[in-house]
Amino acid sequence: VAQGFIQTRGYNGFSYRDIAAAIGIKSASIHYHFPTKGDLGRSVAARYCDRFGQALRVLAESEQSARARLEGYAALFRDTLVERDRLCMCGMLAGEVETIPAAVKTEVARFFDEQQGWLSDVLQAGIDQGESDAGQDAQAWATTFLAALEGAMLVSRGLGDYGHFDVVSEKLLETLFL
């Protein structure tokens, strides 16, 4: 429930009372497990990072080509946006980085570091196999790919036009692959 609130309202857009009302318990019950909102935010962000990492491992095992892996990666973001009507949780938290606790910031940084590392590895493999036209700068393209998907989610939601996300992700893939 907390993750859903963060993905739709942001970290500062909900309280323990909101969570309690959504699941039908007293907010004191939440405080028992998470004494502060920072404790809750860190736990939710850590779980999000871990689950996203697991999805990337599955994707890496199931797809052979770099392009197919990146298509699958973009689909993870698209599903969050279109099917769940949410934004990337760490993208939302990054927008509030000046007002979130340090422990939550640490998890947000971990998320983006892990994403860029995975993307860089995939792109480097595509370059090495002659599949990708990304030149020799996999790291820069990884940063660009992640930033473009995060931004496409925001703009799509702002416009109320999820097709915008598809245009951005397809153009990225066209640019990167022969």
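Residues numbered from 1 in each chain as written. Predicted model: local features only at pLDDT ≥ 70, side-chain atom pairs only at ≥ 80, totals over all residues. Heavy atoms only, no water.

**Q** Where do I start with the overall build of the chain in this structure?
**A** Each helix and strand counted, the chain has nine helices and zero strands in total. N-terminal to C-terminal, the α/β element order of the chain is α-α-α-α-α-α-α-α-α. Compactness check: the chain gives a C-alpha radius of gyration of 18 Å against a globular reference of 16 Å for 178 residues, within 12% of the reference. The dimensions of the chain, computed from C-alpha atoms along their principal axes, are 55 × 30 × 30 Å. (Helix = DSSP H or I, 4+ residues; strand = E, 2+ residues; numbered from the N terminus. Rg over C-alpha atoms; globule rule 2.2 N^0.38 Å.)

**Q** In this structure, what is going on with the pattern of salt bridges? I would like to understand it.
**A** Note on pairing: side chains with opposite charge can pair once their charged atoms come close. Taken as a whole and assessed by the stated rule, the structure comprises seven salt bridges. The salt bridge involving Arg 78 is made with Asp 166; its shortest N-O contact spans 2.5 Å. With Arg 78 in helix α5 (residues 66-83) and Asp 166 in helix α9 (residues 163-176), this residue pair connects regions lying 88 residues apart in the sequence. When its relative accessible area of 18% is taken as the criterion, Asp 166 is described as buried. Here the residues in one salt-bridge network are Asp 50, Glu 107, Arg 110 and Glu 114, joined through shared partners. (Salt bridge = Lys/Arg side-chain N within 4 Å of Asp/Glu carboxyl O. Buried < 20%, exposed > 50% of the residue type's maximum accessible area, 1.4 Å probe, protein only.)

**Q** How should helix α7 (residues 102-128) be read in this particular structure?
**A** At 3.6 residues per turn, the α-helix brings residues three or four places apart onto the same side. Taking 1.5 Å per residue, 27 residues should reach 39 Å; α7 reaches 38 Å between its end C-alpha atoms and fits that length. Taken from the residues just after α7, Gly 130 is the one with a positive phi, measuring 75°. (Expected span 1.5 Å × (residues − 1).)

**Q** I tried to follow the nonpolar core on my own but got confused; where do I start?
**A** A general tendency of soluble globular proteins is for nonpolar side chains to be buried together. Membership of the largest hydrophobic core comes to 52 residues, with the highest contact counts inside it found for Leu 70, Tyr 73, Phe 77, Leu 93 and Phe 145. Counting only elements with at least two residues in this core, the list comes to α1 (2-9), α2 (16-23), α4 (37-62), α5, α6 (89-95), α7, α8 (138-159) and α9. Excluding its chain neighbours within four sequence positions, the residues that come into contact with Leu 93 are Ile 6, Tyr 11, Ala 45, Ile 100, Val 104 and Val 108. (Core = buried A, V, L, I, M, F, W, Y, C linked by side-chain atoms within 4.5 Å. Contact = heavy atoms within 4.5 Å.)

**Q** So what exactly am I meant to see when it comes to the side chain of Thr 80 here?
**A** Looking at the element boundaries, Thr 80 is found in helix α5. The class of Thr 80 is buried, set by a relative accessible area of 11%. Beyond its immediate chain neighbours, meaning those up to four positions away, Thr 80 contacts Gln 7, Asp 85, Arg 86, Leu 87, Cys 88 and Met 153.

**Q** Before we go on, may I ask you to explain the packing of α8 against α9 in this structure?
**A** Working note: a packed helix pair is described by the angle between its axes plus the distance between those axes. Put simply, α8 and α9 touch, their axes get as near as 8 Å, and they point 160° apart. Our classification of the angle between α8 and α9 gives roughly antiparallel. At the point where α8 passes α9, the crossing takes the right-handed sense. Contacts between α8 and α9 involve Trp 141, Phe 145, Ala 148, Leu 149, Ala 152, Met 153, Val 155, Ser 156 and Leu 159 from the former and His 164, Phe 165, Val 168, Ser 169, Leu 172, Leu 173, Thr 175 and Leu 176 from the latter. When its residues are assigned to classes, the contact of α8 with α9 shows 13 nonpolar, four polar and no charged. (Axes fitted to C-alpha atoms, helices over the stretch in contact; angles between N-to-C directions. Parallel < 35°, antiparallel > 145°, perpendicular 65-115°, else oblique. Left-handed = near helix turned anticlockwise from the far one by under 90°. Nonpolar A, V, L, I, M, F, W, Y, C, P; charged D, E, K, R; others polar.)

**Q** What exactly am I supposed to notice about the packing of α4 against α7 here?
**A** The N-to-C vectors of α4 and α7 enclose an angle of 10°; their axes lie 8 Å apart at closest approach. By the angle between their directions, the pair α4 and α7 is classed as roughly parallel. Residues Gly 38, Gly 41, Arg 42, Ala 45, Ala 46, Tyr 48, Cys 49, Asp 50, Phe 52, Leu 56, Leu 59 and Ala 60 of α4 form the contact with α7, whose own contacting residues are Ala 103, Val 104, Glu 107, Arg 110, Phe 111, Glu 114, Gln 115 and Trp 118. Among the residues making up the contact of α4 with α7, the classes are represented as 12 nonpolar, three polar and five charged.

**Q** I tried to follow α1 on my own but got confused; where do I start?
**A** Of all eight residues in α1, six are buried, a share of seventy percent or more. Of all the residues in α1, the buried ones are Ala 2, Gln 3, Gly 4, Phe 5, Ile 6 and Gln 7. Residues of α1 that are buried make contact with α2, α4, α5, α6 and α8. Following α1 by one or two positions, Gly 10 has its phi on the positive side, about 95°.

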